[in-house]
Protein chains: 2
Amino acid sequence: MTQTKSENSAKMKDVADLAGVSIKTVSRVLNNEPHVQEKLRRKVREAAEKLEYVPSHSARSLRGNRSYDINLVCHNAGSVYVNSIQFGGVIACQELGYQLSISLMEDLDQMAMRDIRAAFETVMKRRRPDGVILLAPYANDEKIGFVLQEMGIPVVRVGPVELQNKGLLVEIDDYQAAIEVVRHLADLGHKNIGFIRGSENQRATHVRYSGFCVAMEAAGLTVEDALVRPGAFDFQSGYEAGQFYLGHTSRPSAVFASNDDMAAGLVAAYTEHGLKVPKDISVVGFDDSSIATCMRPYLTTVRQPLSDLGARAVRELVASLSGTGKPEARRIVLDHEFVLRDTTAPPNTK
Amino acid sequence: MTQTKSENSAKMKDVADLAGVSIKTVSRVLNNEPHVQEKLRRKVREAAEKLEYVPSHSARSLRGNRSYDINLVCHNAGSVYVNSIQFGGVIACQELGYQLSISLMEDLDQMAMRDIRAAFETVMKRRRPDGVILLAPYANDEKIGFVLQEMGIPVVRVGPVELQNKGLLVEIDDYQAAIEVVRHLADLGHKNIGFIRGSENQRATHVRYSGFCVAMEAAGLTVEDALVRPGAFDFQSGYEAGQFYLGHTSRPSAVFASNDDMAAGLVAAYTEHGLKVPKDISVVGFDDSSIATCMRPYLTTVRQPLSDLGARAVRELVASLSGTGKPEARRIVLDHEFVLRDTTAPPNTK
DNA sequence: TCCAATATTGACAACCTTGTCAAAAATCGC
DNA sequence: GCGATTTTTGACAAGGTTGTCAATATTGGA
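Residues numbered from 1 in each chain as written. Chains lettered and ligands numbered in written order. Predicted model: local features only at pLDDT ≥ 70, side-chain atom pairs only at ≥ 80, totals over all residues. Heavy atoms only, no water.

## Re the overall build of chain A
Then, number 1: Within chain A, the secondary structure is distributed over 12 helices and 12 strands.
Then, number 2: In terms of overall dimensions, chain A is more spread out than a globule: its C-alpha atoms have a radius of gyration of 26 Å, far above the 20 Å expected for 350 residues.
Then, number 3: Considered along the principal axes of its C-alpha atoms, chain A spans approximately 90 × 45 × 35 Å.
Then, number 4: Considering only residue pairs separated by 6 or more positions, chain A has 72% of its internal contacts joining residues 24 or more positions apart.
Then, number 5: The averaged location of the 43 negative side-chain charges in chain A is 8 Å from the averaged location of its 41 positive side-chain charges. (Helix = DSSP H or I, 4+ residues; strand = E, 2+ residues; numbered from the N terminus. Rg over C-alpha atoms; globule rule 2.2 N^0.38 Å. Contact = heavy atoms within 4.5 Å. Lys, Arg positive; Asp, Glu negative; His and termini not counted. Charge placed at Lys NZ, Arg CZ, Asp CG, Glu CD.)

## Section: helix H8 (residues 174-188) of chain A
Residues and elements named next belong to chain A.
Then, number 1: For H8, built from 15 residues, the straight-helix expectation of 21 Å at 1.5 Å per residue is met to within 8% by its first-to-last C-alpha distance of 21 Å.
Then, number 2: All of the buried residues along H8 are Asp174, Ala177, Ala178, Ile179, Val181, Val182, His184 and Leu185.
Then, number 3: One or two residues past the end of H8 sits Gly189, with phi positive at roughly 105 degrees. (Expected span 1.5 Å × (residues − 1). Buried < 20%, exposed > 50% of the residue type's maximum accessible area, 1.4 Å probe, protein only.)

## A short note on the interface of chain B and chain A
Then, number 1: Between chain B and chain A, the contact holds 44 residues from the first and 44 residues from the second.
Then, number 2: Carbon and sulfur atoms supply 54% of the area that chain B and chain A bury against each other, a total of about 3700 Å² over both sides.
Then, number 3: For the pair chain B and chain A, the number of links is two salt bridges.
Then, number 4: Here chain B is connected to chain A by two residue pairs in polar contact (both at pLDDT 80 or more).
Then, number 5: Those elements that place two or more of their residues in the side of chain B that touches chain A are helix H4 (57-64), helix H5 (80-96), strand S2 (99-104), helix H6 (113-126), helix H10 (235-247) and helix H11 (260-272) of chain B.
Then, number 6: Tallied by class, the residues present in the side of chain B that touches chain A amount to 18 nonpolar, 16 polar and 10 charged. (Buried area = accessible area lost by both parts, 1.4 Å probe. Salt bridge = Lys/Arg side-chain N within 4 Å of Asp/Glu carboxyl O. Polar contact = N/O pair within 3.5 Å; in protein donor to acceptor, adjacent residues only side chain to side chain. Nonpolar A, V, L, I, M, F, W, Y, C, P; charged D, E, K, R; others polar.)

## Remarks on the packing of aromatic side chains
Then, number 1: If you walk through the whole model with that rule in mind, you get 14 aromatic pairs over all chains.
Then, number 2: An angle of 25 degrees between the planes, with centres 6.4 Å apart, marks the rings of Phe256(A) and Phe286(A) as stacked. One end of the pair, Phe256(A), is in strand S8 (residues 254-257); the other, Phe286(A), is in the loop between strand S9 (282-284) and strand S10 (301-303), with 30 residues separating them in the sequence.
Then, number 3: Ring geometry for Tyr68(B) against Tyr98(B): centres 5.4 Å apart, planes inclined by 55 degrees, an arrangement best described as tilted. Placement of the pair is Tyr68(B) in the loop between H4 and strand S1 (69-74) and Tyr98(B) in the loop between H5 and S2, with a sequence separation of 30 residues. Accessibility assignment for this pair places Tyr68(B) and Tyr98(B) in one class, buried.
Then, number 4: Members of the aromatic cluster, joined through ring pairs, are Phe195(A), Tyr209(A), Phe212(A), Phe256(A) and Phe286(A).
Then, number 5: In this structure, Arg197(B) packs its charged tip against the face of Tyr209(B), placed 4.8 Å from the ring centre. (Phe/Tyr/Trp six-rings, centres within 6.5 Å; stacked < 30°, edge-to-face > 60°. Lys NZ or Arg CZ within 6 Å of the ring centre and 35° of its normal.)

## Looking at the nonpolar core
Then, number 1: Within the largest apolar cluster, 98 residues are counted, with the highest numbers of intra-cluster contacts made by Ile133(A) and Ile133(B).
Then, number 2: Setting aside residues up to four positions removed in sequence, Ile133(B) forms contacts with Ile70(B), Asn71(B), Leu72(B), Val73(B), Leu100(B), Val156(B), Val158(B), Ala313(B), Val314(B) and Leu317(B). (Core = buried A, V, L, I, M, F, W, Y, C linked by side-chain atoms within 4.5 Å.)

## Overview of the confidence of the model for chain A
Then, number 1: Taken as a whole, chain A shows an average pLDDT of 90; of its residues, 95% reach a score of 70 or greater.
Then, number 2: Note that residues 1-6 of chain A has pLDDT below 50 and, in this model, three contacts with residues that lie over four places away or in other chains. (pLDDT = per-residue confidence, 0-100.)

## Some thoughts on the relation of the copies chain B and chain A
Then, number 1: When chain B is fitted to chain A, the residual RMSD is 0.4 Å, and the transformation amounts to a turn of 180 degrees plus an axial shift of 0.3 Å. Considering both components of the superposition, the chain copies are consistent with a two-fold axis. In terms of proximity to the rotation axis, the leading residue of chain B is Ser58(B), whose C-alpha is 2.4 Å off the axis.
Then, number 2: When the interface residues of chain B are mapped onto chain A, 100% of them again fall at the interface, so both copies present the same face. (Least-squares fit on C-alpha atoms with pLDDT ≥ 70 in both.)

## Observations regarding the sheet that holds strand S7 (residues 228-229) of chain A
All names here are of chain A.
Then, number 1: As summarised here, the arrangement of the four strands in space is S7-S6-S8-S9, forming an open sheet in which the pairing is parallel. Unpaired on one side and paired on the other, S7 and S9 mark the two borders of the sheet.
Then, number 2: By the bridge criterion, three bridges tie S8 to S9 in an arrangement that is parallel. Each bridged residue has a counterpart across the sheet, and for Ala254 the counterpart in S9 is Ser282.
Then, number 3: Where helix H9 (residues 203-218) meets the sheet, its contacts fall on strand S6 (193-196), S7 and S8, and the angle it forms with S6 comes to roughly 170 degrees. (Pairing = 2+ DSSP bridges. Axes fitted to C-alpha atoms, helices over the stretch in contact; angles between N-to-C directions.)

## Things to note about the protein's contact with DNA strand C
Then, number 1: Around DNA strand C, the surrounding shell holds 24 residues, and the nearest of these are Lys11(A), Tyr53(A), Arg63(A), Thr25(B) and Arg28(B).
Then, number 2: Backbone sugar and phosphate groups make up 60% of those atoms of DNA strand C lying within 4 Å of the protein.
Then, number 3: One of the backbone N or O atoms of Met12(A) is found 2.8 Å from a phosphate oxygen in DNA strand C.
Then, number 4: Arg60(A) is positioned such that a nitrogen or oxygen atom in its side chain is 3.0 Å from a phosphate oxygen of DNA strand C.
Then, number 5: Among the elements of the structure, helix H2 (23-30) and helix H4 (57-64) of chain A together with helix H2 (23-30) and H4 of chain B are those that each provide at least two residues to the surface near DNA strand C. (Near = heavy atom within 4 Å.)

## Side note on the protein's contact with DNA strand D
Then, number 1: The local shell around DNA strand D holds 25 residues, among which Thr25(A), Arg28(A), Lys11(B), Tyr53(B) and Arg63(B) are the closest.
Then, number 2: Ser27(B) has a polar side-chain atom sitting 2.8 Å from a phosphate oxygen of DNA strand D.
Then, number 3: Arg63(B) places a polar side-chain atom, nitrogen or oxygen, 2.5 Å from a base oxygen of DNA strand D.
Then, number 4: When contributions to the surface near DNA strand D are tallied by element, the ones reaching two or more residues are H2 and H4 of chain A together with H2 and H4 of chain B.
Then, number 5: Of the residues contributing to the surface near DNA strand D, the split by class is 10 nonpolar, seven polar and eight charged.

## Some details on the pattern of salt bridges
Where charged atoms of side chains with opposite charge meet at close range, the side chains can pair.
All names here are of chain A.
Then, number 1: Applying the stated rule across the entire model yields 28 salt bridges over all chains.
Then, number 2: As a salt-bridge pair, Asp280 and Lys279 come within 4.0 Å of each other at their nearest N and O atoms.
Then, number 3: Between Arg303 and Asp288 there is a salt bridge, and its shortest N-O distance comes to 2.8 Å. With Arg303 in strand S10 and Asp288 in the loop between S9 and S10, this pair connects stretches of sequence that are 15 residues apart.
Then, number 4: Taken together, the shared-partner salt bridges connect Asp288, Arg303, Glu337 and Arg341 into one network.

## Considering the domain arrangement of chain A
A common way to state how big an interface is: give the accessible area lost once the parts meet.
Then, number 1: According to the domain assignment, chain A contains domain 1 (12-55), domain 2 (67-172 + 307-335) and domain 3 (174-303).
Then, number 2: Using C-alpha coordinates to define each centre, domain 1 of chain A is positioned 35 Å away from domain 2 of chain A. (Domains from an automatic or database assignment.)

## Details of the environment of Gln304(B)
Then, number 1: Mapped onto the fold, Gln304(B) is located in the loop between strand S10 (301-303) and helix H12 (306-321).
Then, number 2: Spatially, the C-alpha atoms of Gln304(B) and Arg331(B) are 17 Å apart, while their sequence positions differ by 27 residues.

## Remarks on helix H1 (residues 12-19) of chain A
Residue and element names in this part refer to chain A.
Then, number 1: For H1, every residue scored as buried is listed here: Val15, Ala16 and Ala19. When H1 is viewed along its axis, its buried side chains cluster within an angular range of 100 degrees and face the same direction.
Then, number 2: Along its buried surface, H1 packs onto H2 and helix H3 (38-51).
Then, number 3: Just past H1, the residue Gly20 takes up positive phi, approximately 70 degrees. (Arc of directions from axis to C-beta.)

## Quick look at the side chain of Glu171(A)
All names here are of chain A.
Then, number 1: Position of Glu171 among the secondary structure elements: in strand S5 (residues 168-172).
Then, number 2: Taking relative accessible area as the criterion, Glu171 reaches 5% and is therefore assigned buried.
Then, number 3: Within polar-contact distance, the side chain of Glu171 engages the side chain of Arg331 at 2.5 Å.
Then, number 4: In contact with Glu171, not counting residues within four places along its chain, are Gly159, Pro160, Val161, Leu309, Arg331, Ile332, Val333 and Leu334.

Take a look at the structure:
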């Protein structure tokens, strides 16, 4: 009755024998293929259930030439941004019977075409993923897209991308979000608004900046180039931007940092200098990552549904796999949310 | 000369043909098996190189009954702790030709044996990993260990564990580290030292606490029960502990928070209350996670080499796989480091 | 120099699934 | 009711690798 060894899991053959059919029929039932009598279907299902049959992953992928793997390609695994997206991706994969693996690729965007190809071939060939998720800064890289296309691996990109109509894309409307941020600050009465850029190789930096500029103009304000500071999406660069503002003759009354870490760095610099946020400066971040509520005062920011982006990316990718083969171009935009907390206030009119 | 299609990657057969040997010989060379002439070895290697041969993962695992997968089982993917370990794990896997996958298991420690078994069977059977990395709070769970052992899946645990001599274990010496922290505070002249516990289901909480108690006694100090606060390894619980201390009649002059997030929360509570760290209170954290240098003042803490722990766990696990089959019990202790920064100072003697 | 022992090599099966194609059964039209 | 069509089913091969075992080449000893 019971199994003799917990080691030996049932094969298709065993299910077939128990159900009194051929293994091919079992295969058909388990893959929901047509052309099987309802009666046999039930029988097979019962047998499979009884034997706790689980298909062999390796046999399947060997024969079917699919790996049931989705590969997440990113530069800096370990960052909150990447991890949140990954989190959603893992969940979605788990649901769909896929597995999410992670490839760390170093400075791919600096490399020549042939080296990129080599890098991918090494990592991808071993266990060729059925699809790849490209995160910033690689999502926007043409060469990488080309190599992957050449290798015939379907791709979904996450985050803003220049290359429009280039397959699947999942993102939020960074442009619109930036506009909302500026509008909020302008509504509070701020005129002198600074901006901290993110990494220059990430498209989000440019999109948010152009939203910033457009909204400034719409509000009848001018963008002071001196108040636009470089950054790298990390605490340190926000801190440095803060120090710059503190030493600058005409300080901004508000700053839009293009992510939360930089906003936190900026606040740290001001606080350390004995100034108060939002009394002495209003600050808005971007992402609503954990630091936004682990700092004081709580950070006003834009919530980006990172894990949803990851989950959606996986789902769209997997859905596209069973499609006709032609990867249709699709752009999915998830909702962001302006989160008003405590780092913004009307300008200090002395 | 060049390949006709980038699609068709070379198989063992192709390498064998080019080298003028049988595929079995190719297999032997590529797996570093003995009994092949040096001359043929070279020939085969050259042929493989030329054809850019990469072994088929699925064929290998089908035949060899191995998946080349290491599964990381954790509760809360997304936490810095988990992500750092994972990061090291991914790197090590990449080097070794393995792949790291992640399983999110919810509240496994609350479940009955049979449900745990069911949970693992669902996730593990599909693509049975060659080994599993167990992180807190699951590393210390007997039931989980038993289920995995029953399934015949080798395990490596990361972090402090009660179950000694139960297979592979990679950790730092939490006990000793806690002692060093207390010694530092005692040396500064602190007498009234508080402690913030972490999650009660994590062994680290208890080990660090007992190190704390022992070192207190060794320094001739008494542990004031009222100053030992509960926590959950997150910012919020540290913040709450801070609020408690602030409202308490005899405030501690120093606090050892059992991780950085809680230390940061504590500092936030004090700062918000208009007090200064370390003037009004000395604080030490644990982990040296990113928040330690993203807060002001910089946090004195204990560096735990998380990504090294992850990498080492993978390496030991993989090494043990090719062993005799008997998983030997081994305990690997990596070095921690006391990191002196700016949140500790002699007590404020008014 | 020849036989025994050893080292090297290769043919073939096996791993478990799915695709192909043909056989068998059921259905339909007249 | 019978042949033609459609539906259902199964036998067999294939996918790329590694283990088994037999065949062959090499070495050593007498």
